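Spelled out, the chains give:
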Amino acid sequence: MVTSKIIQEVYISSQWMLTDFEPSAVEASLNECKLRWINAPERMSDGVYDLGLRYCVDPLLRVTRYTTFPLDRISKKGGDGNVNFKEMSRILDADWKRPINQGVFLLYPQRVALREVITNYRETGFVPEPPINNPKIRFIAVSSAVCPSKEVNDSIGAYNHDLVVIVKSAVYNFEDRRKFRGLYAHLRNQSVNLPYRIGIVFSVGLPRTARDNVFQRDGFNFSLPGRAGTVLINLGKHQAITQARLEEEIRQHDDLIVGDYEDTYFNLTLKMHHSFVWASRFCHGRPGFLFLDDDFAFIEKNLLAALDKLPADWRRK
């Protein structure tokens, strides 16, 4: 068992000064952590999936920590000693050496050697401390045909695909998704007979609740101008219709991955993150992934030729 303990160690190397760390502890055995870590996503009573990074905290886990960086390696003016992340902000932009030494990025945000942490996490499920940015990821709807959840299909291998095409689409782009489905309907329906089984899903968010073109970011209000802003205002007048169309599309096609976030340009990072989380938590059997926008297409013949050139162990056997 992992016991509660305060670690106080000083790591010193020729490049870094690494100082004290005082973590909180959580008791968990290795087997218990692995069971929690690899457990399949579970559907909530209201039909949604709430997912977060699953991990166990081992405060005794040794990991390299970075707290300061030599000043003369980043400042044109040089200087003795080291600076921490906060002190680096006092260096004027014009005084930074170019190219910027990549080592400075190790100081932020939790000052740990990320590769070491990831390696330990993959092998054991343990991390040295809770991550500071572990938001809960919620899916309002997922596909039961492509990468189905365990609740939908206990025999996870039955619907495995060799390649999963994830199409990033704005929730309002109903017509673009209709055209995309029509273009690849034969591939979706007949892919079980092709050399590779190909699944296609669309990653979308939810309609925006505001009815205008005004956004709030970091305490500032600003308006989306031009044609894009006008379109946003017009869409805001038909929120009920958009929501009804989305719900009907989910029922009819079973190929939507709907994340619980407002589908706007400013949330494109969230859309990508939701797509990654869905792929890693729902898609078993190590399929390949192809990410597209809904205004792009692929040539089936060229895609299959590209898959043929990949090493044999990239796909599920």
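All of these numbers come straight from a predicted model, not from anything done at the bench.

(A) Structural context of the sheet that holds strand S14 (residues 288-293). With mixed pairing, six strands are arranged side by side in an open sheet as S3-S8-S13-S10-S9-S14. For this open sheet the edge positions go to strand S3 (49-51) and S14, each flanked by a neighbour on one side alone. Strand-to-strand twist of the sheet, defined as the mean angle between neighbouring strand axes without regard to direction, takes the value 30°. As paired elements, strand S10 (residues 198-206) and strand S13 (residues 256-262) share four bridges and run parallel to each other. Its bridge partner being in S13, Leu206 is matched across the sheet by Glu262.

(B) The arrangement of a nonpolar patch on the surface in detail. On the surface, Phe220, Phe222, Tyr265, Phe266 and Leu268 cluster together into a nonpolar patch covering about 560 Å² of accessible area. Within the fold, Leu268 resides in helix H8 (residues 268-282). The class of Leu268 is partly exposed, set by a relative accessible area of 41%.

(C) Up close: the packing of aromatic side chains. This model, assessed by the stated rule, comprises ten aromatic pairs. Residues Tyr49 and Phe282 carry aromatic rings whose centres are separated by 5.3 Å and whose planes lie at 85° to one another, so their mutual orientation is edge-to-face. Residue Tyr49 is located in strand S3, and its partner Phe282 is located in helix H8; the two are separated by 233 residues in the primary sequence. There is no split in this pair, since Tyr49 and Phe282 are both buried. With centroids separated by 6.3 Å and ring planes inclined at 25°, the aromatic side chains of Phe215 and Phe222 adopt a geometry described as stacked. Residue class for Phe222 comes out partly exposed when judged on its relative accessible area of 31%. These aromatic residues form a ring-pair network of at least three members: Phe180, Tyr184, Phe202 and Phe298.

Procedures and definitions
Residues numbered from 1 in each chain as written. Predicted model: local features only at pLDDT ≥ 70, side-chain atom pairs only at ≥ 80, totals over all residues. Heavy atoms only, no water. Pairing = 2+ DSSP bridges. Helix = DSSP H or I, 4+ residues; strand = E, 2+ residues; numbered from the N terminus. Axes fitted to C-alpha atoms, helices over the stretch in contact; angles between N-to-C directions. Patch = residues over 30% accessible without salt bridge, like charges linked within 9 Å, V, L, I, M, F, W, Y side chains within 5 Å. Areas by Shrake-Rupley, 256 points an atom, 1.4 Å probe, with all protein chains shown as cover. Salt bridge = Lys/Arg side-chain N within 4 Å of Asp/Glu carboxyl O. Buried < 20%, exposed > 50% of the residue type's maximum accessible area, 1.4 Å probe, protein only. Phe/Tyr/Trp six-rings, centres within 6.5 Å; stacked < 30°, edge-to-face > 60°.

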